[in-house]
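Chain and residue survey
Residue-level listing of the chains:
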Amino acid sequence: MNKRSTTLLVIGGGPGGYVAALRAAQLGVATTLVEGARLGGTCLNVGCIPSKALIHAAGEFDSARRHGAGSALGIRVSSASLDIAQTVRWKDGIVARLSGGVAALLRKAGVEVVEGWAKIVDGKTVEVQDANGPSRIACEHLLLAAGSRSVELPGMPFGGPVISSTEALSPSSLPRRLAVVGAGYIGLELGIAYRKLGVEVAVVEAMERVLPAWDEELTKPVSASLRRLGIEVHLGCTVQGLGACGDALRIRNARGEETELPADRVLVAVGRRPRIEGWGLETLMLEMDGRAVRIDDRCRTSMRNVWAVGDLTGEPMLAHRAMAQGAMVAELIAGKRRRWTPAAIPAVCFTEPEVVVVGQTPEDAAQADCIHAHFPFAANGRALTLDAPEGFVRVVAQREDHRIVGWQAVGHGASELAAAFSQSIEMGACLEDVAGTIHAHPTLGEAVQEAALRALGRALHV
Ligand code: FAD
Ligand code: NAD
């Protein structure tokens, strides 16, 4: 068996693993990265990037169709049709370009990339099965970045008409009717996209409202949009299984009444779980947090020189968190002093309208003495020129010193405000800092300034 050694061995080439490998190599640490599927991981291949590409394509198609049905903007479209195979090819092109980019960056930095599935032998040895057979790699530091996988519903495993987000992102044809189980991130992002592609969509959610993990006030414009788009929403319902002919989803509401939703495909989006089985992780007997690998504020596991980042370490399962953790671990291994102390991690849901949460909501801050104010996009010139007056920006700040502790927004294009929100919180900005900054006109960003002005009692445009 081929044997070799390295300083840092990374298992998993997703955002957590590849960023760690890249940063470590930049800092002169001999680094090997093992990836069994494709560089870029879930995010780049079957997650963030392909979903946003599909959402964009669906939005363009929907606009064309709406203009075709009579447009207040004066645009006339005689007919709009969709070649879904071409849409998927376009999306795949973006993925291939980005995955190739990650490979090029790793190569340039001097990271050894091994294509194959890693199996842990012990905390310093990993066996890799690749095209040339098994090999053993010994390391000083082992970084676990194996990510997560979709959760299946009991009695309804993935296969046939029951699909996960991965299959939903590469359809060879579109279903006529799609049932979506779970009204969280994936269910709503992809449910809305499919609806805009012309599919009849019904969403089934166990809780009493959509996006139940998010602030209720923020999700109201999303619920209104689901109604406007003609998406059926079944709240407080549990899934009983497929109909006898496999062309319907049986659900039961809180009163025990059963309904069959006609569906030729069922997208199950009820969460993701850390990938902890099948690659020898259990041999390390690490301390766990439920199904996630427990880490401390330096991403150290309970075993010396074994580190873990990203979805494997639990919530929030977001690519930007994984990347930031990966970079930190690389710097620690290279001898820098680092600790995990972000003031806030932004969360964005790419629904229509988009939802952004950074830091504390008024509810989170209820125990502290805080002020909050919101500014509606209906009073923002740019939002009106985009024909998207729904939604608002909200700020939460400490009453005592006006230090900003949270931002939330819901609205068309609101995802792009996440940068301003995160920066102001990370830099310890006060309401006066944002209120006193000249924001370009006409932009959605002016709503950020106006929210801060309103919290200070001196809004100009509302
Ligand atoms: P992953 O990206 O899952 O990467 C893990 C890698 O490890 C994989 O490539 C896997 O093949 C490899 N691997 C696992 N085991 C082994 C082994 N034994 N040997 C070798 N290789 C192995 N997050 C956002 O922030 N924004 C979004 O818009 C967003 N959209 C999403 C949309 C969808 C449909 C999905 C499913 C997820 C989305 N996410 C989004 C979440 C995001 O994809 C994850 O948080 C992120 O990919 C986690 O990165 P990671 O490095 O921890 O793991
Ligand atoms: P999620 O946790 O966002 O939503 C799952 C939803 O399913 C919840 O509303 C839950 O109440 C519901 N649910 C659970 N069991 C159910 C059942 N049996 N019947 C009906 N409803 C049920 O999970 P997800 O949408 O699968 O996404 C997984 C993870 O991927 C997210 O938590 C997030 O970390 C990541 N993600 C992020 C983005 C983004 O950042 N824009 C996009 C997609 C995915």
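This write-up is about the structure you can find in this document.

Analysis parameters
- Residues numbered from 1 in each chain as written.
- Chains lettered and ligands numbered in written order.
- Predicted model: local features only at pLDDT ≥ 70, side-chain atom pairs only at ≥ 80, totals over all residues.
- Heavy atoms only, no water.
- Helix = DSSP H or I, 4+ residues; strand = E, 2+ residues; numbered from the N terminus.
- Rg over C-alpha atoms; globule rule 2.2 N^0.38 Å.
- Buried < 20%, exposed > 50% of the residue type's maximum accessible area, 1.4 Å probe, protein only.
- Contact = heavy atoms within 4.5 Å.
- Areas by Shrake-Rupley, 256 points an atom, 1.4 Å probe, with all protein chains shown as cover.
- Lys, Arg positive; Asp, Glu negative; His and termini not counted.
- Charge placed at Lys NZ, Arg CZ, Asp CG, Glu CD.
- Core = buried A, V, L, I, M, F, W, Y, C linked by side-chain atoms within 4.5 Å.
- Expected span 1.5 Å × (residues − 1).
- Pairing = 2+ DSSP bridges.

**Examining the overall build of the chain**
If you tally the helices and strands in the chain, you get 12 helices and 24 strands. Scaling as 2.2 N^0.38, a compact globule of 462 residues should have a C-alpha radius of gyration of about 23 Å, and the chain matches this with 24 Å. The C-alpha extent of the chain, read off along each of the three principal axes, is 70 × 65 × 45 Å. The burial tally for the chain puts 49% of its 462 residues in the buried class. Restricting the contact set of the chain to residue pairs at least 6 apart, pairs at least 24 apart contribute 63%. Surface summary for the chain: the accessible area is close to 21,500 Å², and the carbon and sulfur share equals 51%. The distance from the centre of the 48 positive side-chain charges to the centre of the 50 negative ones in the chain is 4 Å.

**Some remarks on the nonpolar core**
The nonpolar side chains of a soluble globular protein tend to be buried, and buried together. Counting residues in hydrophobic clusters, the biggest one holds 35 residues, and the most contacted among them are L188, V201 and V355. Of all the secondary structure elements, the ones that give two or more residues to this core are α3 (48-68), α4 (84-109), β9 (177-181), α6 (185-196), β10 (200-204), α7 (216-229), β20 (347-349) and β21 (354-359). Ranked by the residues each element gives to this core, the list is headed by α6, at 5 residues.

**As for helix α1 (residues 15-26)**
A rise of 1.5 Å per residue sets the reference length of α1, with its 12 residues, at 16 Å; its end C-alpha atoms lie 16 Å apart and thus fit the reference within 8%. Most of α1 is tucked away, with 10 of its 12 residues classed as buried. Burial in α1 covers these residues: P15, G16, G17, Y18, V19, A20, A21, L22, A24 and A25. Contacts from the buried residues of α1 go to β1 (2-11), β2 (31-35), α2 (41-46), α4, β6 (133-144) and α8 (319-333). Looking one or two places after α1, you find G28, whose phi comes out positive at around 90°.

**Digging into the pairing of strand β23 (residues 392-398)**
Counting buried positions over the 7 residues of β23 gives 6, a clear majority of the element. With 7 bridges connecting them, strand β22 (residues 370-376) and β23 associate as antiparallel partners. Within β23, the residue paired with H374 across the bridge is R394. In textbook terms, the turn of a hairpin is the stretch between consecutive antiparallel strands, and for β23 and strand β24 (residues 404-411) this stretch comprises 5 residues, one of which, H402, has a positive phi near 65°.

**With respect to the sheet that holds strand β11 (residues 232-234)**
Read across the open sheet, the 5 strands follow the order β8-β15-β9-β10-β11; overall the sheet is parallel. The open sheet is flanked by β8 (162-163) and β11, the only strands paired with a single partner. Sheet analysis places β9 next to β10, joined by 5 bridges and oriented parallel. The residue of β10 that forms the bridge with L178 is V201.

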